[in-house]
Amino acid sequence: MAETSPTSSKPRQTRRESMEEPPSLSSSSVSLTEELQCSVCLEVFSDPVSTPCGHNFCRSCLKQCWDNSRIYSCPMCKETFSKRPDLKINTTLRQVVLHYNEKFSVRRSEVLCDICDERKLKALKSCLMCQTSYCETHLEPHHRVPNFKKHKLMDPVENIKDYICQKHERPLEFFCRDDQTCVCVFCTDGDHKNHNTVPLEEMSEEKMTQLKKTQTDVQQMIQERIKKIQDIKHSAQLRKRSTDEEKAASVEVFSALIRSIERCQTELLEMMDEQQKAAEKQDEDLMKDLEQEITELKRRDSELEQLSHTDHHLHLLQIDSSLYRPPHTKNWSEISMKTDVSEETLRRALTQLQETLDDKLTQTVLRRMQQFAVDVTLDPDTAHPRLILSEDGKQVRHGDIRHKLPDHPERFDQCVNVLGKEGFSSGRFYFEVQVKGNTDWDLGVAGESIDRKGGITLTPQNGFWTVILRDGKNYIACAGPFVSLSLRVSPQKVGVFVDYEEGLVCFYDVENRSIIYSFTGQTFTEKLFPFFSPGLNDEGKNSAPLIISPVHYNK
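Residues numbered from 1 in each chain as written. Predicted model: local features only at pLDDT ≥ 70, side-chain atom pairs only at ≥ 80, totals over all residues. Heavy atoms only, no water.

(A) Expanded view of the overall build of the chain. Across its full length, the chain holds 10 helices and 23 strands. Here the chain holds 555 residues, and 35% of them are scored as buried. If you take every contact in the chain between residues at least 6 apart in sequence, the share linking residues at least 24 apart comes to 59%. Working note: accessible area of the chain is about 33,800 Å², and carbon and sulfur atoms make up 50% of it. (Helix = DSSP H or I, 4+ residues; strand = E, 2+ residues; numbered from the N terminus. Buried < 20%, exposed > 50% of the residue type's maximum accessible area, 1.4 Å probe, protein only. Contact = heavy atoms within 4.5 Å. Areas by Shrake-Rupley, 256 points an atom, 1.4 Å probe, with all protein chains shown as cover.)

(B) Up close: the sheet that holds strand β23 (residues 546-549). Read across the sheet, 7 strands follow the order β11-β12-β23-β14-β19-β20-β21 without closing on themselves; strand pairing throughout is antiparallel. Of all the strands in the sheet, just β11 (387-389) and β21 (514-519) have a single pairing partner and so form its edges. Each neighbouring strand pair of the sheet contributes to a mean axis angle of 20 degrees, computed without reference to strand direction. As defined by bridge partners, strand β20 (residues 504-509) adjoins β21 across 5 bridges and the pair is classed as antiparallel. Its bridge partner lying in β21, Phe507 is registered against Tyr517. (Pairing = 2+ DSSP bridges. Axes fitted to C-alpha atoms, helices over the stretch in contact; angles between N-to-C directions.)

(C) Region of interest: the pairing of strand β17 (residues 474-477). Pairing between strand β16 (residues 464-470) and β17: 4 bridges, direction antiparallel. Within the sheet, the bridge partner assigned to Leu469 lies in β17 and is Tyr475. The hairpin turn running from β16 into β17, its antiparallel successor, is 3 residues long, and Asp471 in that turn takes a positive phi close to 60 degrees. Connecting β17 to the antiparallel partner strand β18 (residues 483-485) that follows it, the hairpin turn spans 5 residues, and Gly480 within it adopts a positive phi of roughly 60 degrees.

(D) Region of the structure containing the state of the cysteines. Under the counting rule described, the total for this entry stands at 0 disulfides. Considering cysteine sulfurs only, Cys184 is the nearest to Cys187, which forms no disulfide, with 3.5 Å between them. Since its relative accessible area comes to 5%, Cys187 is described here as buried. (Disulfide = S-S within 2.5 Å.)

(E) Up close: the nonpolar core. Of all hydrophobic cores here, the largest spans 35 residues; its most connected members are Trp441 and Phe532. If near-sequence neighbours (up to four positions away) are discounted, Phe532 is found in contact with Val376, Leu378, Val416, Asn417, Val418, Gly420, Phe431, Val433, Asp442, Leu443, Leu546 and Ile548. Within the second largest apolar cluster, 15 residues are counted, among which are Leu36, Val49, Leu93 and Val97. (Core = buried A, V, L, I, M, F, W, Y, C linked by side-chain atoms within 4.5 Å.)

(F) Local environment of helix α3 (residues 59-67). What α3 keeps buried is the set Cys61, Leu62 and Trp66. Taken around the axis of α3, the buried residues stretch over an arc of 125 degrees, which confines them to a single face. Along its buried surface, α3 packs onto β1 (48-50), β2 (56-58), β3 (72-73) and β4 (80-81). (Arc of directions from axis to C-beta.)

(G) Fine view of the packing of aromatic side chains. All chains considered together, the criterion is met by 12 aromatic pairs. Each ring, one from Phe424 and one from Phe429, has its centre 4.2 Å from the other, and the planes form 15 degrees; the classification is stacked. Just as Phe424 is buried, Phe429 falls in that class too. Ring centres 5.0 Å apart and planes at 80 degrees place the aromatic pair Tyr517 and Phe519 in the edge-to-face group. Classification of Phe519 as buried rests on a relative accessible area of 3%. (Phe/Tyr/Trp six-rings, centres within 6.5 Å; stacked < 30°, edge-to-face > 60°.)

(H) Local environment of the sheet that holds strand β8 (residues 174-176). The 3 strands lie next to each other as β9-β8-β10, forming an open sheet whose pairing is antiparallel. Each edge of the open sheet is held by one strand with a lone partner, namely β9 (181-183) and β10 (197-199). Averaged over all pairs of adjacent strands, the angle between strand axes in this sheet comes to 35 degrees, irrespective of strand direction. Relative to β10, β8 runs antiparallel, the two sharing 3 bridges. Considered in β10, the bridge of Cys176 is made with Thr197.

(I) Geometry of the pattern of salt bridges. All told, the structure shown has 18 salt bridges when counted by the stated rule. In this structure, Lys125 engages Asp155 in a salt bridge whose closest nitrogen and oxygen atoms are separated by 3.3 Å. With Lys125 in strand β5 (residues 125-127) and Asp155 in the loop between β7 (153-154) and β8, the pair connects residues that are 30 residues apart, well separated along the chain. Residue class for Lys125 comes out partly exposed when judged on its relative accessible area of 27%. Asp155 sits in the partly exposed class, given a relative accessible area of 25%. Its salt-bridge partner being Lys281, residue Asp285 comes within 3.0 Å of it at the nearest N-O pair. Pair noted here: Asp285 and Lys281 are both in helix α8 (residues 200-307), with a separation of 4 residues, about one helical turn. In this structure Lys281 comes out as partly exposed when scored by relative accessible area, which is 46%. A network of salt bridges, in which partner residues are shared, links Lys63, Asp67 and Arg84. (Salt bridge = Lys/Arg side-chain N within 4 Å of Asp/Glu carboxyl O.)

(J) How the structure looks around unusual backbone geometry. Of note, the bond from Gly480 into Pro481 is cis; its omega dihedral lies within 30 degrees of zero at 10 degrees. Secondary-structure assignment places Pro481 in the loop between β17 and β18. Positive phi, normally seen in glycine, also occurs at Leu42, with a value near 60 degrees. Of the residues examined, Leu42 reaches a relative accessible area of 52% and is grouped as exposed. Here the phi dihedral of Asp538 falls at roughly 55 degrees; this positive angle occurs in a residue that is not glycine. Relative to the assigned elements, Asp538 resides in the loop between β22 (528-533) and β23. The exposure class of Asp538 is partly exposed, given its relative accessible area of 41%.

(K) Expanded view of the pairing of strand β19 (residues 493-499). Counting buried positions along β19 yields 7 of 7 residues, so the element is predominantly enclosed. Both faces of β19 are covered, namely the face carrying Lys493, Gly495, Phe497 and Asp499 and the face carrying Val494, Val496 and Val498. Between β19 and β20, which pair antiparallel and follow one another directly, the connecting turn spans 4 residues, one of which, Gly503, has a positive phi of 65 degrees.

(L) Structural context of the side chain of Asp442. For Asp442, the position within the fold is in strand β15 (residues 441-447). Ignoring sequence-local partners within four residues, the contact set of Asp442 consists of Leu458, Val467, Ile468, Arg470, Phe531, Phe532, Ser533 and Leu546.

Right, here's the structure in full:
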């Protein structure tokens, strides 16, 4: 809102401008000029741009510097950039420069002496008391006459009345905080007597401090946004790389499946060819047998034909009795002809194909999980006092002695658990744990805010996603309610995979390449930490440690 004088309703926006940069304090304008000065051309910024290191320059100055060099570095701090930054106009700083130019353009213009008659000379100073601008010659009395020496001089300005109180015709030397306007010394004894007034110099320093702070904040905002842009570009690169990897993995999976199908198809065709050849051989043998029987039957038929025409009764009685019976032959009605491949053959081939496909799929799934392997180290500040951790933080087992340890808020005090040092709040991660020789163990991940004191129930509702072993044979997924797992073989090494955004926690039998259990459709809202419990020692029956193993990629 524009300011108004006590004697006039005419808006006086120049009063606020005078307050912000008091004319009587030339050092303030000099300081501001220095702040808005390009270090290359030593002029006030023109189209200011900011480098990634946070310094400002005229766009043309920086372009000229970089056009003439193969190295892109900051002219001020000499920081070198790997590639030429894509510079954008610093719009906020440009507005500050425009505002500065509007305010102080009068100081850069040529103010003439008000006393010179004929050829007016350039004014050297303006006197707020006299409300007149003087050249060097006419200013001389202000340096010599005692009364004039008390006058307040300033850099020459054309609109000198804007620096004078319109009511008292006195220089504006104070600022009223209550009314937010500049006032003269008489105003402080009049309308503003009980108001909070301060010298313009003090207010100017405050404004300068505020301006510098604003500039610092603006520069910080610029850097934050530049950093955000870099983060977005980096995320885009990671996303593209991940997509390319997914595409390559998908091509590999389907190529492997196609090869498996083609191999199974070839084996099936070979099997069918072998069956065809066997059937053809059987047909040949059968036909050979039939032809032999036909020959024998024809011979018998010929003999019988001859005997049927004889008139010698005695001869008929004397012939071999076997001629009176049909010859012995195969029972051809019991022999069936196969016209297609046996159902058993097809079933066996399809079963083999399914097993091959399943094996390929599980291999691919494990290989994809292992690509997100992370280095997990146990956090001793979370370990129960009876747990014994290896020096490298890769092994944990239960001991018989309760060690005296600081009771950190993060430490489990009743359940023999321990967490990994590093938590994860996004993306995917995978680690493997050797459980060979253990009869009891708990594995999985846990949220950062889980209860660590007293008894604990392992459920997703309580922030735990785990699979456990009890009595060396009972595998259970703690899904709330518990899910009993039927495993063909006991896992010797368990892989744990988490996809934070997908809400997936998957447990994998590494050596047998099979999924143990998966938590799906979960919602994660905090950091997840690897979770371990080697169980109780059980008088040495469960003394083997859980070992965080390095991940060896399956090819």
